[in-house]
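Spelled out from the first residue to the last, the chains are:
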Amino acid sequence: MKKGFVHEINFTVNGIKRALSVHSNETLLKVLREHYGLTGAKEGCGGGECGACTVLLNGSPVNSCLVLAVEADNAHILTIEGIAAKDSIHPIQQAFIEYGAVQCGFCTPGMIMTAYALLQKNPDPDEAQIKRALSGNLCRCTGYVQIIEAVKAAAKRMKGKRG
Amino acid sequence: MKIAIRTDNLDDLLKAKAKYGDKALILAGGTDVNVKRNRGLIGPEVIISISGITDMKGIVPEKGKLVIGSLSTHSDIENDAAVKRRAFPLHMSCAAIGSPQIRNTGTLGGNIGTASPAGDTLPSLVLLDSIINVMSIRGTRKIKAAKFFTGPGKTVLEKDEIIYSVEVPLGYTSSNSGFFKLGMRDALAISVLSVAWYFDKNGTVGLSFGGVSPVVKRILVKQGLSETAFRKKVSGIISPIDDIRAGAGFRRGVVTDIAFKVYRDGGI
């Protein structure tokens, strides 16, 4: 049992092992943005309703505004900054650009992380599965059609690559 | 907040709860607690983070029932094959909660402990006569879900007790039972109202209603009632209110319509 306001946590962020002292009430989102400078995840609503802060915790999408940093002890965290190979962008990012799935861009990192988690689990989702997977990410610009098309295109390309 | 405790040990949790009582707020998945905390709506003196307690996770089949650890997430339950096959309303309830992100962190115990009249798992737990196992340093208690909730945010939990697990009876499939949530949209919307139901072999129909009274209400009716008699029965046990999501009259009308459609057609 640990009691107190400062907690030592060990976790992996985008493949790099990290150790950090965090305060009890700091959210994972705040630590990622303000401590590590990973500003891809955004705070939209701060209440778990928009998905702009989505990151993967042990492979599953979560709202990082509702996860305390202490809860990420021993976890693997993946953010938008960690999905691409060096000097390139990820096929999902490429598809979002090509299909016009990005307008203001605020929701985009969360959308892409959720799509990434979906395609890891289900490389060949149908439209209903894509819509359900993305139901926790709100976009106020695109109307979702381009986003769904982009995920479909990315799935196709990633499948092709896996051969 | 004056004290923050984090533990992966059940005994430590029970001791801390015995010491701090209702000054202590338990943090499980955080999908309710952290929303309120981020908005400055709550500031408990003591917060106890319990997400590391593995004893309280997992879904274990026993004779005729499933025992679901209270720290199981809604995703764990939604994706469990036995829940989907044989406790179908609970599968549907968990699938209707929030969003994938919320379901990946929010827990069954949290949904029960929050005791919102609109909590999506509650109609299914009450409908299926689930048992809530609570624990304290004094021992354990088994409480029927139908008796557990006493009002919005209120339960029969004593100050030193925690929700340990839930026993869910089996035998409810997608062909004889179900759950329907009405919200302003499918995802990320708190329920306006919800209905869970089953049809048993002896011609009894069980129905429970969320979001239309301070706590979930359940009725058992025989098949073959007239529409008027059935609607009267439903209307008689609910007491909806006006709130930001819907008016009382809307809730009363729609919940009786949905209930009657289920009763007449076997589903919705």
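Here is what the cut-offs are and how they apply
- Residues numbered from 1 in each chain as written.
- Chains lettered and ligands numbered in written order.
- Predicted model: local features only at pLDDT ≥ 70, side-chain atom pairs only at ≥ 80, totals over all residues.
- Heavy atoms only, no water.
- Helix = DSSP H or I, 4+ residues; strand = E, 2+ residues; numbered from the N terminus.
- Rg over C-alpha atoms; globule rule 2.2 N^0.38 Å.
- Buried < 20%, exposed > 50% of the residue type's maximum accessible area, 1.4 Å probe, protein only.
- Contact = heavy atoms within 4.5 Å.
- Areas by Shrake-Rupley, 256 points an atom, 1.4 Å probe, with all protein chains shown as cover.
- Lys, Arg positive; Asp, Glu negative; His and termini not counted.
- Charge placed at Lys NZ, Arg CZ, Asp CG, Glu CD.
- 1 Å grid on protein atoms, 1.4 Å probe; cavity = no way out; pocket = protein on both sides within 12 Å on 5 of 7 lines; lining within 4 Å.
- Points joined across faces, edges and corners; volume = space filled by probe spheres on them.
- Nonpolar A, V, L, I, M, F, W, Y, C, P; charged D, E, K, R; others polar.
- Pairing = 2+ DSSP bridges.
- Axes fitted to C-alpha atoms, helices over the stretch in contact; angles between N-to-C directions.
- Core = buried A, V, L, I, M, F, W, Y, C linked by side-chain atoms within 4.5 Å.
- Buried area = accessible area lost by both parts, 1.4 Å probe.
- Salt bridge = Lys/Arg side-chain N within 4 Å of Asp/Glu carboxyl O.
- Domains from an automatic or database assignment.
- Polar contact = N/O pair within 3.5 Å; in protein donor to acceptor, adjacent residues only side chain to side chain.

Structural notes on the overall build of chain B
Link 1 in the chain: Scanning chain B from terminus to terminus reveals 11 helices and 14 strands.
Link 2 in the chain: A compact globule built from 268 residues would reach a C-alpha radius of gyration of about 18 Å, and chain B, at 18 Å, matches this within 12%.
Link 3 in the chain: Dimensions of chain B, computed from the C-alpha atoms along their principal axes, are close to 55 × 45 × 30 Å.
Link 4 in the chain: Residues classed as buried in chain B amount to 56% of the 268 residues present.
Link 5 in the chain: Within chain B, residue pairs in contact and separated by at least 24 positions form 57% of the contacts whose partners lie at least 6 positions apart.
Link 6 in the chain: Split by element, the accessible area of chain B, about 11,500 Å² in all, is 52% carbon and sulfur.
Link 7 in the chain: Distance between charge centres in chain B, computed from 37 positive and 24 negative side chains, equals 3 Å.

Focus on empty space enclosed by the protein
All names here are of chain B.
Link 1 in the chain: Counted by the stated rule, this structure contains 2 cavities of 30 Å³ or more.
Link 2 in the chain: Within the residue set of the lining of the largest cavity, elements represented by two or more residues are β1 (3-6) and β3 (46-49).
Link 3 in the chain: Among the elements that take part in the lining of the largest cavity, β1 stands out by supplying 3 residues, more than any other.
Link 4 in the chain: Looking at the lining of the largest cavity residue by residue, the classes come out as 7 nonpolar, 4 polar and 2 charged.
Link 5 in the chain: Approximately 30 Å³ is the volume found for the second largest cavity.
Link 6 in the chain: Around the second largest cavity, the lining residues are Ala115, Ser116, Pro117, Leu122, Phe149, Gly151, Pro214, Val215 and Val216.
Link 7 in the chain: Of the residues belonging to the lining of the second largest cavity, the class tally is 7 nonpolar, 2 polar and no charged.

What to know about the environment of valine 205 of chain B
All names here are of chain B.
Link 1 in the chain: Within the fold, valine 205 resides in strand β13 (residues 204-210).
Link 2 in the chain: Judged by relative accessible area, which is 0%, valine 205 ranks as buried.
Link 3 in the chain: The spacing of valine 205 and isoleucine 5 is 200 residues in sequence and 46 Å in space, taken between C-alpha atoms.
Link 4 in the chain: If near-sequence neighbours (up to four positions away) are discounted, valine 205 is found in contact with Tyr198, Phe199, Ile219, Leu220, Val221, Gln223 and Tyr263.

A few points about the pairing of strand β12 (residues 193-199) of chain B
Residues and elements named next belong to chain B.
Link 1 in the chain: Counting buried residues in β12 gives 7 out of 7 residues, a clear majority hidden from the surface.
Link 2 in the chain: Here β12 shows no split at all, with Leu193, Val195, Trp197 and Phe199 on one side and Ser194, Ala196 and Tyr198 on the other all buried.
Link 3 in the chain: Direction of pairing for strand β11 (residues 177-182) relative to β12: antiparallel, over a ladder of 6 bridges. Note that in β12 the partner of phenylalanine 180 across the bridge is valine 195.
Link 4 in the chain: Sheet topology note: the β12/β13 ladder contains 6 bridges and is antiparallel. Bridge pairing links phenylalanine 199 to valine 205 in β13.

Side note on the sheet that holds strand β2 (residues 6-13) of chain A
Residue and element names in this part refer to chain A.
Link 1 in the chain: Across the sheet, which stays open at both edges, the 5 strands sit in the order β3-β2-β6-β4-β5 with mixed pairing between neighbours. Because the sheet does not close on itself, it has two edges, and the strands there are β3 (16-23) and β5 (60-63). Across this sheet, the average inter-strand angle for adjacent strands is 40°, counted without regard to direction.
Link 2 in the chain: Against the sheet, helix α3 (residues 108-121) contacts β4 (54-57), β5 and β6 (76-78), and its axis sits at roughly 35° relative to β4.

Side note on the nonpolar core
Link 1 in the chain: By size, the foremost hydrophobic cluster in this structure holds 33 residues, and its most contacted members are Leu90, Ile112, Leu125, Phe148 and Val168 of chain B.
Link 2 in the chain: Per-element tally for this core: the top contributor is helix α8 (residues 122-127) of chain B, with 4 residues.
Link 3 in the chain: Contact partners of phenylalanine 148 of chain B, with chain neighbours within four places excluded, come to Ile112, Ile132, Val134, Ile143, Lys154, Thr155, Val156, Leu157 and Ile163 of chain B.
Link 4 in the chain: In this structure, Cys53, Ala69 and Val70 of chain A together with Ile97 of chain B belong to the second largest nonpolar core, which totals 32 residues.

Description of the interface of chain A and chain B
Link 1 in the chain: Across the boundary between the two partners, chain A contributes 34 residues, which contact 33 residues of chain B.
Link 2 in the chain: Between chain A and chain B, the buried area comes to about 2,600 Å², and carbon and sulfur atoms account for 50% of it.
Link 3 in the chain: The largest contributions to the chain A side of the interface with chain B come from Met1, Leu66 and Arg132 of chain A, which together make up 23% of the buried area.
Link 4 in the chain: Our count for the contact surface shared by chain A and chain B stands at 2 salt bridges.

Let's talk about the domain arrangement of chain A
All names here are of chain A.
Link 1 in the chain: Here chain A is described as being made up of domain 1 (6-82) and domain 2 (91-158).
Link 2 in the chain: The distance between the C-alpha centroids of domain 1 and domain 2 comes to 21 Å.
Link 3 in the chain: In this assembly, 17 residues from domain 1 lie in contact with 13 residues from domain 2.
Link 4 in the chain: Between domain 1 and domain 2, roughly 1,200 Å² of surface is buried when both sides are summed, and carbon and sulfur atoms account for 67% of that area.
Link 5 in the chain: Taken together, domain 1 and domain 2 are joined by 0 salt bridges.
Link 6 in the chain: Inspection of the region where domain 1 meets domain 2 yields 4 residue pairs in polar contact (both at pLDDT 80 or more).
Link 7 in the chain: Breaking the side of domain 1 that touches domain 2 down by element, the ones donating at least two residues are β4 and β5.
Link 8 in the chain: Here the side of domain 1 that touches domain 2 is composed, by residue class, of 7 nonpolar, 7 polar and 3 charged.

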